[in-house]
Amino acid sequence: MGGSAAAPVLRGLGHEVMHLPTTMLSNHPGFDHVAGGAVPVAQLATMRDALAANGWLTHVDAVLTGYLPSPEHVALAAETVRGLGAPRVVVDPVLGDAPGGLYLPEAVGEALRTDLLPLADVATPNRFELGWLSRRPCESARDCAAAARALPVPRVIVTSAPAPAGQTGVTEVTTGATRHWRTPQRRGVPHGVGDAFAGLIAAGLAPGAALGHLDALIEASLGAPHLAIAESAARWTHAAPLPHDPCEES
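About the criteria used
Residues numbered from 1 in each chain as written. Predicted model: local features only at pLDDT ≥ 70, side-chain atom pairs only at ≥ 80, totals over all residues. Heavy atoms only, no water. Helix = DSSP H or I, 4+ residues; strand = E, 2+ residues; numbered from the N terminus. Rg over C-alpha atoms; globule rule 2.2 N^0.38 Å. Buried < 20%, exposed > 50% of the residue type's maximum accessible area, 1.4 Å probe, protein only. Contact = heavy atoms within 4.5 Å. Areas by Shrake-Rupley, 256 points an atom, 1.4 Å probe, with all protein chains shown as cover. Lys, Arg positive; Asp, Glu negative; His and termini not counted. Charge placed at Lys NZ, Arg CZ, Asp CG, Glu CD. UniProt positions renumbered as here; feature names shortened; annotations may be inferred. Pairing = 2+ DSSP bridges. Core = buried A, V, L, I, M, F, W, Y, C linked by side-chain atoms within 4.5 Å. Salt bridge = Lys/Arg side-chain N within 4 Å of Asp/Glu carboxyl O.

Per an unreviewed UniProt entry, the protein is named pyridoxal kinase, and its organism is Salipiger mucosus DSM 16094.

Set out below in structure tokens:
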């Protein structure tokens, strides 16, 4: 379902998207009623191969992976990334969240850690996912930076990072630097914000620019059942970047 937010965000910024859905659901699973299920790996493989046979995978600029419901789906994603050569790879390791914990089998997380993360240029875990994948605590900004550097990824952008009360944090960690952004917590935010953010990063935006777009999109969507991606495109696609916190830069 993550592609239902990421794909229209990418298209709103003018990018052509080829979307291989790993699940087909009636709606986001956060609602009371949902129907559907995982798309079989063999079917996804034939869909990918058809795209390749048409010549549409020869000039791919970036790959974004999201919800992968089984280790076999992870293996297919890794195989596809390797076969594409050297596009920019963004891995959104969708595994779980606090306080509920994992909502996929541990075997999926293990496959993500060993098979897919080493192929990534950027990873966008939330705070829980970062702690689980790194096997390290993420109780403070310093903890999160250390956990991010323990992953086999050169650039990690952590959502729901530690932040003062009433704020939500995003932290970018690279080999040589750590930067932080803070945004106000809001009520009535629809599902799909993390998926939309991963799409913005896959579009090649820096975190501050991505957060500027996302902040405007959230503001336009408060109280709605879904993110108003199409309806408010004229607003969020022209939003200014959010500055990072220079007091916390390291």
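Anyway, onward from the coordinates.
Examining the overall build of the protein
Secondary structure summary: the protein contains nine helices and 10 strands in total. Relative to a compact globule of 250 residues, whose C-alpha radius of gyration would be 18 Å, the protein shows 17 Å and is just as compact. Taken over the C-alpha atoms alone, the protein extends approximately 50 × 40 × 35 Å along its principal axes. When the 250 residues of the protein are sorted by exposure, 44% land in the buried category. In the protein, the share of contacts with a sequence separation of at least 24, taken over all contacts with a separation of at least 6, comes to 62%. In the form shown here, the protein has an accessible surface area of approximately 12,000 Å², with 55% of it arising from carbon and sulfur atoms. On the protein, the mean spot of the 16 positive side-chain charges and the mean spot of the 23 negative ones are 5 Å from each other.

Description of the UniProt feature "domain: Pyridoxamine kinase/Phosphomethylpyrimidine kinase" (unreviewed entry) in the protein
Mapped onto the present numbering, the UniProt feature "domain: Pyridoxamine kinase/Phosphomethylpyrimidine kinase" (unreviewed entry) falls on residues 58-211. Structurally, residues 58-211 is divided into 37% helix and 23% strand, and its ends, taken at the C-alpha atoms, are 31 Å apart.

Focus on helix H4 (residues 106-116)
Restricting attention to buried positions, one finds in H4 the residues Val 108, Gly 109, Ala 111, Leu 112, Arg 113 and Leu 116. Buried residues belonging to H4 abut strand E3 (62-65), helix H3 (71-83), strand E4 (88-91) and helix H5 (127-134).

Some points on the pairing of strand E10 (residues 178-184)
Most of E10 sits out of view: five of its seven residues are buried. Sheet topology places strand E9 (residues 167-174) next to E10; seven bridges connect them, and they run antiparallel. Of the residues in E10, the one forming a bridge with Val 170 is Trp 181. The loop that links E9 with its antiparallel partner E10 comprises three residues.

Focus: helix H1 (residues 3-12)
Given 3.6 residues to a turn, an α-helix orients residues that are three or four positions apart in the same direction. All of the buried residues in H1 are Gly 3, Ala 5, Ala 6, Ala 7, Val 9 and Leu 10. On its buried face, H1 sits against E3, helix H7 (193-202) and helix H9 (233-236). Gly 14 sits one or two positions beyond H1 and adopts a positive phi of about 95°.

Description of the side chain of Arg 48
Its place among the elements puts Arg 48 in helix H2 (residues 41-53). Each residue touching Arg 48, except ones within four places of it in the same chain, is listed here: Leu 20, Leu 57, Leu 76, Glu 79 and Thr 80.

Let's talk about the environment of Ala 45
Mapping Ala 45 onto the fold places it in helix H2. Overall, Ala 45 belongs to the buried group, its relative accessible area being 16%. Considering only alpha carbons, one finds Ala 45 and His 73, 28 residues apart in sequence, at a separation of 9.7 Å.

Notes on the nonpolar core
One finds Leu 116 and Leu 130 to be the most contacted residues of the largest nonpolar core, which totals 31 residues. Going through the elements one at a time, H3, E4, H4, H5, helix H6 (141-150) and strand E8 (155-161) are the ones with two or more residues in this core. In this structure Leu 116 touches Thr 65, Leu 68, Val 74, Ala 77, Ala 78, Val 91 and Ala 111, once residues within four positions along its chain are discounted. Judged by nonpolar contacts, the second largest core, of 22 residues, contains Ala 202, Ala 210, Ala 216 and Ile 229.

Some points on the pattern of salt bridges
Taken as a whole and assessed by the stated rule, the structure comprises eight salt bridges. One salt bridge connects Arg 48 with Asp 49, and the closest N-O pair in it is separated by 3.1 Å. According to the relative accessible area criterion, Arg 48 is buried, its value standing at 13%. Classification of Asp 49 as partly exposed rests on a relative accessible area of 41%. In this structure, Glu 110 engages Arg 135 in a salt bridge whose closest nitrogen and oxygen atoms are separated by 3.6 Å. Placement of Glu 110 in helix H4 and of Arg 135 in the loop between H5 and H6 is noted, with a sequence separation of 25 residues between them. Bridged by salt links that share partners, the residues Arg 48, Asp 49 and Glu 79 form one connected network.

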